[in-house]
Each structure stands twice: as structure tokens, then as C-alpha cells.
Amino acid sequence: LKLMLAAAQQAVVAEARTGAKHEAEVFRLNARIGALEDEAALVKQAAALHAKDEAGARDRAAELLHERQEAARAIESAQAAALQDAHAAKLSAEQTSQELAREMEGMRAALATARL
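Residues numbered from 1 in each chain as written. Predicted model: local features only at pLDDT ≥ 70, side-chain atom pairs only at ≥ 80, totals over all residues. Heavy atoms only, no water.

### What to know about the overall build of the chain
Next up, step 1: Counting its secondary structure elements, the chain contains 1 helix and 0 strands.
Next up, step 2: What you see for the chain is a C-alpha radius of gyration of 49 Å, clearly larger than the 13 Å of a compact globule of 116 residues, by over 25%.
Next up, step 3: Along the first, second and third principal axes, the C-alpha atoms of the chain reach 170 × 10 × 10 Å.
Next up, step 4: Looking at the 116 residues of the chain, the share that counts as buried comes to 0%.
Next up, step 5: Accessible surface, the chain as shown: approximately 10,500 Å² in total, 63% of it carbon and sulfur.
Next up, step 6: Where the 15 positive side-chain charges of the chain centre and where its 18 negative ones centre are 6 Å apart. (Helix = DSSP H or I, 4+ residues; strand = E, 2+ residues; numbered from the N terminus. Rg over C-alpha atoms; globule rule 2.2 N^0.38 Å. Buried < 20%, exposed > 50% of the residue type's maximum accessible area, 1.4 Å probe, protein only. Areas by Shrake-Rupley, 256 points an atom, 1.4 Å probe, with all protein chains shown as cover. Lys, Arg positive; Asp, Glu negative; His and termini not counted. Charge placed at Lys NZ, Arg CZ, Asp CG, Glu CD.)

Below, the structure is given as C-alpha cells:
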């Protein structure tokens, strides 16, 4: 009976050691799972920040494109106005030149009449 009791105690001790080993392995695996979950959370945060940065960059690029388009329209408008002003100045100069030519012709005619 004592031998059976000793054998049972040894079996209990051996099973306790095996159980302790399993508990240690479970604890180690739980710690590893926790570390992986923390790493996954950090990666998720980094991805969110990256996405936010990309969205900000896209928004800024859209703003710059809009500003560039407005500047191009302003340049085109200024060029058109300058062309109109130049054309008006040319017409005015031609008109003034014609008026001066008529006045000079009138003065020549008056001078010719005065000489007679």
C-alpha cells in the first residue's frame, strides 16, 4: 500500500511539473500574444497617421493646383487686357496721326494760299 501511495505521489508530482510547464508555456504564449497585439496597435496607428498625411498631401496638392489654375486665368485675363489696350492705343495713334496729317495738309494749303 505504501508503494502504491508513493507511486501515486510521484505521479501527482510528475503531473504537477507537467502542469507547471504547461502553465509556463501558456503564460509565455499569452505574453507573446500581448506583445503582438501591442505591435499591431502601433502599426495600425502608424498606418492611420500615414493615411492622414497622405490625405493632407492630396488636399495641399489640390489647393496648389487650384491656385495655379487661378493664376493661369489671371495671366490670361491680364494678357487679353494688355492686348486690348495695345490695340486701342494703336487705333488712337493712327487716328491722331491722320488728324495731324490733315492739319498739316490744311496748313500747307493755307500757306500756299497765303503765298498767292
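Still more to cover.
### Brief notes about the pattern of salt bridges
Next up, step 1: A complete count under the given rule lists 4 salt bridges for this structure.
Next up, step 2: Residue glutamate 25 is joined to arginine 28 by a salt bridge in which the shortest nitrogen-to-oxygen separation is 2.7 Å. Placement of the pair is glutamate 25 and arginine 28 together in helix α1 (residues 2-115), with a separation of 3 residues, close to one helical turn.
Next up, step 3: Residue class for arginine 28 comes out partly exposed when judged on its relative accessible area of 47%.
Next up, step 4: Between arginine 60 and glutamate 63 there is a salt bridge whose closest N-O contact spans 3.1 Å. In this pair, arginine 60 and glutamate 63 both sit in helix α1, 3 residues apart, roughly one turn of the helix.
Next up, step 5: By relative accessible area, which is 41% here, arginine 60 ends up partly exposed.
Next up, step 6: For glutamate 63, a relative accessible area of 42% gives the class partly exposed. (Salt bridge = Lys/Arg side-chain N within 4 Å of Asp/Glu carboxyl O.)

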